[in-house]
Amino acid sequence: MTTHLIKGVSVLGGTPTDLVIRDGVIASGPAEGVEEVIEAEGLIALPGLVDLHTHLREPGREDAETVETGTQAAAIGGFTAVHAMANTEPVADTAGVVEQVWRLGREAGYCDVYPIGAVTVGLAGEKIAELGAMADSAARVRVFSDDGHCVSDPLLMRRALEYVKAFDGVIAQHSQEPRLTEGAQMNEGELSGRLGLAGWPAVAEEAIIARDCLLAAHVGSRLHVCHVSTAGSVELIRQAKEKGWNVTAEVTPHHLLLTDELAATYDPLYKVNPPLRSASDVEALRAGLADGTIDIVATDHAPHPHEDKDCEWAAAAFGMLGLETALSVVQQTMVDTGLLDWAGVAERMSYAPARIGRLADHGRPLEDGAPANIVLYDPKATRVVDGSETASLSRNTPYAGRELPGRVVATFLRGKATVLDGKLQ
Ligand SMILES: NC(=O)N[C@@H](CC(=O)O)C(=O)O
């Protein structure tokens, strides 16, 4: 394995220093035997990013994404670990499917893949899946989610929360009261009325979050709230944390930047679950992420082939790409606004998601002896996003034509460069 010297890099935005990567770890002592030097003046080194919420689509929808293309997109975005959501075909609700996804990730070699197990069989919300078998499998599943669907039955949710305590698991809930969102197309408000699209009320998200926080506290288990999108949700999570309950939460990059005003274009690129919300929700999400109420940024990378997006709004699939642009959007919304420093970004995009997923080798400070999972990032670069150039198999980025700051220059997975000079290796 190549020994790298990264010269003059600013670790988490601190004073420039040299980093040596030898035999897959960050090495101490003099830079002996260096084979490749990376001049990193002006670049920031962060621990490899960890995504708790990625849709890789394999098995079943390899026309939208495969484990290989999705992890290539992840590496380009600076990620060294992704959690793969369970809504594949077949659903990842057995040890066999999660092991298949885990193995495909290892074979591709761009990024570690940690499969998420479904909470209920077939995501149908009727019967608890084989959570223990998935936890005991080679994939060592710790995160369980029916994402795309809410575990709406309170008794099933209670049982799932109780069940995962045995192996220190967590239920990642897609908080959406189904009866309140039947046929919903976009955020409920004055704009949905004007556009004639069925509204998706904030309370549909908030009612489930409130219920689940109470359930998690009642049984003493771990709850993770997926893609928080409203100001009211932030407030509920704040209250749960004040009470000391074991609740964590994520926000997506798109909910930190984009608003429901974009639905006025009727362009399904902006159709997503949960929907883009109002400017005041965006402000509350940014504040919640800054003060730690929301623990992490997770991409909810949701690739869809063009035939599922290139159609009228009501018929289009929900979801947007996120892996390749996440760090830039976080820079624009949180760092360039003064809400977070780079250490704060490392906490929310690497350390904390690794803790929630119980990952040992990711989300570690860039210290001697730590696995060399590293991203080198140029915060001064800018680019206009080209929607036709994605490592992802799909093209449904909501940022096409938008100028975003920053550029991932290199990504290292256990000392092996997966990206160098912005290009996949
Ligand atoms: N987030 C999305 O808009 N889409 C997700 C699942 C979902 O509907 O939540 C997907 O799998 O496409």
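Residues numbered from 1 in each chain as written. Predicted model: local features only at pLDDT ≥ 70, side-chain atom pairs only at ≥ 80, totals over all residues. Heavy atoms only, no water.

## Observations regarding the domain arrangement of the chain
Parsing the chain into structural domains produces domain 1 (4–44 + 371–392 + 399–424) and domain 2 (48–357). The interface is formed by 30 residues belonging to domain 1 together with 36 residues belonging to domain 2. For the pair domain 1 and domain 2, the summed buried surface comes to about 2,600 Å²; carbon and sulfur atoms form 62% of the total. Considering only the surface of domain 1 that becomes buried against domain 2, L12, S392 and Y399 emerge as the three largest contributors, covering 25% of it. Where domain 1 meets domain 2, there are one salt bridge. Put simply, D112 and R414 hold a salt bridge, and the shortest N to O gap is 2.7 Å. (Domains from an automatic or database assignment. Contact = heavy atoms within 4.5 Å. Buried area = accessible area lost by both parts, 1.4 Å probe. Salt bridge = Lys/Arg side-chain N within 4 Å of Asp/Glu carboxyl O.)

## Considerations on the UniProt feature "binding site: Zn(2+) 2" (unreviewed entry) in the chain
The residues that UniProt annotates with the feature "binding site: Zn(2+) 2" (unreviewed entry) are D147, H174 and H227. Separation in sequence by 81 residues is not matched in space for these annotated residues, since their most distant C-alpha atoms are only 9.9 Å apart. With respect to the secondary-structure elements, H174 resides in the loop between β10 (170–173) and β11 (186–187). By relative accessible area, H174 is classed as buried at 2%. Apart from residues lying up to four places away in sequence, H174 is in contact with D147, G148, H149, C150, C226, H227 and N273. At 3.4 Å, the side chain of H174 forms a polar contact with the side chain of H227. (UniProt positions renumbered as here; feature names shortened; annotations may be inferred. Helix = DSSP H or I, 4+ residues; strand = E, 2+ residues; numbered from the N terminus. Buried < 20%, exposed > 50% of the residue type's maximum accessible area, 1.4 Å probe, protein only. Polar contact = N/O pair within 3.5 Å; in protein donor to acceptor, adjacent residues only side chain to side chain.)

## Comments concerning the sheet that holds β10
Read across the open sheet, the five strands follow the order β9-β10-β13-β14-β15; overall the sheet is parallel. Each of the sheet's edge strands pairs with one partner strand only, and the pair in question is β9 (143–144) and β15 (296–297). Pairing analysis gives three bridges linking strand β13 (residues 223–225) to strand β14 (residues 247–251), with the strands arranged parallel. Within the sheet, the bridge partner assigned to V225 lies in β14 and is A249. In this fold helix α6 (residues 202–219) packs onto β10, β13 and β14, with an angle of close to 165 degrees to the strand it touches most, β13. (Pairing = 2+ DSSP bridges. Axes fitted to C-alpha atoms, helices over the stretch in contact; angles between N-to-C directions.)

## Remarks on the nonpolar core
By size, the foremost hydrophobic cluster in this structure holds 74 residues, and its most contacted members are F79, F144, L327, V345 and M349. Each of domain 1 (4–44 + 371–392 + 399–424) and domain 2 (48–357) accounts for three or more of the residues forming this core. In contact with M349, other than residues within four places in its own chain, are L49, V50, F79, V297, A326, L327 and V330. Listed in part, the 19 residues of the second largest apolar core include I6, L19, I26 and I38. (Core = buried A, V, L, I, M, F, W, Y, C linked by side-chain atoms within 4.5 Å.)

## Things to note about the site of the ligand
Every one of the 13 residues lining the ligand counts as a neighbour, but R57, N87, N273, D300 and H304 are closest to it. Separating an oxygen atom of the ligand from a backbone N or O atom of N273 is a distance of 2.9 Å. Note that a nitrogen atom of the ligand is positioned 3.2 Å from one of the backbone N or O atoms of F318. Residue classes in the shell around the ligand are distributed as three nonpolar, seven polar and three charged. (Near = heavy atom within 4 Å. Nonpolar A, V, L, I, M, F, W, Y, C, P; charged D, E, K, R; others polar.)

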